[in-house]
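Architecture at a glance
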Amino acid sequence: MIFGFQHSKEKPHVADLKKIVTLEKIEKVHPVLDSLKLNINFKKRGNYNTLKSRILESRVFFQHFYEVDSGKALDSASHFIYNKLINELVPHWYNTTWDFNGHTNIPNEGDIACGYFVSTTLKHLGFNLNRYKMAQQAGLIEAQVLQTKQELKHFYNISFDALKQKMNAMYNDGIYFVGLDNHVGYVLIKDKELYFLHSSYYDDKVMIELAETSPCFYSNYYVFAEITTNKDLMKKWIFNTHLQIPNS
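Criteria and thresholds
Residues numbered from 1 in each chain as written. Predicted model: local features only at pLDDT ≥ 70, side-chain atom pairs only at ≥ 80, totals over all residues. Heavy atoms only, no water. Helix = DSSP H or I, 4+ residues; strand = E, 2+ residues; numbered from the N terminus. Buried < 20%, exposed > 50% of the residue type's maximum accessible area, 1.4 Å probe, protein only. Contact = heavy atoms within 4.5 Å. Areas by Shrake-Rupley, 256 points an atom, 1.4 Å probe, with all protein chains shown as cover. Pairing = 2+ DSSP bridges. Arc of directions from axis to C-beta. Phe/Tyr/Trp six-rings, centres within 6.5 Å; stacked < 30°, edge-to-face > 60°. Lys NZ or Arg CZ within 6 Å of the ring centre and 35° of its normal. Core = buried A, V, L, I, M, F, W, Y, C linked by side-chain atoms within 4.5 Å.

1. As for the overall build of the protein
Regarding its fold elements, the protein presents 9 helices and 8 strands. Within the protein, the proportion of its 248 residues that are buried is 52%. Counted over contacts in the protein with a minimum sequence separation of 6, partners at least 24 positions apart contribute 64%. Carbon and sulfur atoms provide 50% of the accessible area of the protein, an area that totals close to 12100 Å².

Right, here's the structure in full:
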């Protein structure tokens, strides 16, 4: 079974997908997230290309740091990647329009599909990957680009409350990749709450919202890969190691 509708050969009828997620749960009004309370920046700042360049330039510092103290370097890289993604790169992407075939490389110019939103922002963070090839994979394979198959966490036919409880038992605060039946995106765990950061086919834009009230987050299947809590991935970022697409 292929998880991630953007990878199927036939384009699904988006209206039908929206109807399905509406019927499967009682719709709730999206709560407005408080930037100050969450300590997350929602507004774009500065020049995007300059930001990308500075991120790449920072890699040299982490390479030297790793030679001195590998453990502290990996922890520092984790905080660095978290901050650059959530507070600096992603704010430029908010409200970029979703489209099934979208693959823009420039925030708010053109459209972006859910898989391309993930692969493109990872690429702009400095991860050595082919954003096209990654985005064209099923969600399960995308997860394996980031973490070994044995380390991934899978959940089937689970309620949101049960999923949230398990996630908080297994994971610390940080950024994670999630593959669902028909979608992919990031999950942010912060203070025991789950937030879904994605290019939404329901709201037709890039957004962050409470996972619990996101129509796109409800799924029969979930696969999670660690990003900022993944020391092996942080080392690959530091040394610019190419992230391979595994054989399906």
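2. Some points on the pairing of strand β7 (residues 205-210)
Among the 6 residues of β7, 5 are classified as buried, and the element is accordingly described as predominantly covered. Strand direction decides the pairing type here: strand β6 (residues 193-200) and β7, joined by 6 bridges, are antiparallel. When the sheet's bridge partners are listed, His-198 is paired in β7 with Met-207. Between β6 and β7, which pair antiparallel and follow one another directly, the connecting turn spans 4 residues, one of which, Asp-204, has a positive phi of 60 degrees.

3. Some words on the pairing of β6
Within β6, 8 of the 8 residues are buried, which leaves it mostly tucked inside the rest of the structure. As paired strands, strand β5 (residues 184-190) and β6 are joined by 5 bridges and run antiparallel to one another. Counterpart to Lys-190 in the pairing with β6 is Glu-193. Counting the residues between successive antiparallel strands, the hairpin from β5 to β6 contains 2 residues, one of them, Asp-191, with a positive phi of roughly 55 degrees.

4. Overview of helix α8 (residues 160-170)
Since there are 3.6 residues in each turn of an α-helix, residues three or four apart along the chain are aligned in direction. By the burial criterion, the buried members of α8 are Phe-160, Leu-163, Met-167 and Asn-168. Within α8, the buried residues cover an arc of 125 degrees as seen down the axis, which keeps them to one side. Turned more than 90 degrees away from the buried face of α8 sit Asp-161, Gln-165 and Ala-169, all of them exposed. Against the buried residues of α8 lie β3 (153-156), β5, β6 and β8 (221-226).

5. Considering the packing of aromatic side chains
This model, assessed by the stated rule, comprises 19 aromatic pairs. Considering the side-chain rings of Tyr-48 and Trp-93, the 6.3 Å spacing of their centres and the 80 degrees angle between planes classify their relative orientation as edge-to-face. Taken together, the positions of Tyr-48 in helix α3 (residues 48-68) and Trp-93 in helix α4 (residues 70-93) put the pair 45 residues apart, joining distant regions of the chain. The pair formed by Tyr-48 and Trp-93 is uniform in burial state, with each residue classed as buried. Centroid distance Phe-196 to Phe-217: 5.1 Å. Interplanar angle 65 degrees. Geometry classified as edge-to-face. Linking Phe-196 in strand β6 with Phe-217 in the loop between β7 and β8, this pair joins segments that are 21 residues apart in sequence. Put simply, the rings of Phe-155, Phe-160, Phe-196, Phe-217, Tyr-222 and Phe-224 pair up and form one aromatic cluster. Sitting over the face of the ring of Trp-237, Arg-59 holds its NZ or CZ atom 5.4 Å from the ring centroid. Above the face of the Tyr-132 ring, Arg-131 is positioned so that its terminal group lies 4.6 Å from the ring centre.

6. Topic: the nonpolar core
Leu-122, Phe-127, Leu-146, Tyr-186 and Trp-237 are the most contacted members of the largest nonpolar core, which has 54 residues in total. Considering every element that reaches this core, the biggest residue donor is α4, with 10 residues. Leave out the neighbours within four places in its chain, and Phe-127 touches Ile-81, Leu-122, Leu-233, Met-234, Trp-237 and Leu-243. Counting 22 residues, the second largest nonpolar core, distinct from the first, contains Met-167, Tyr-176, Tyr-201 and Ala-211.

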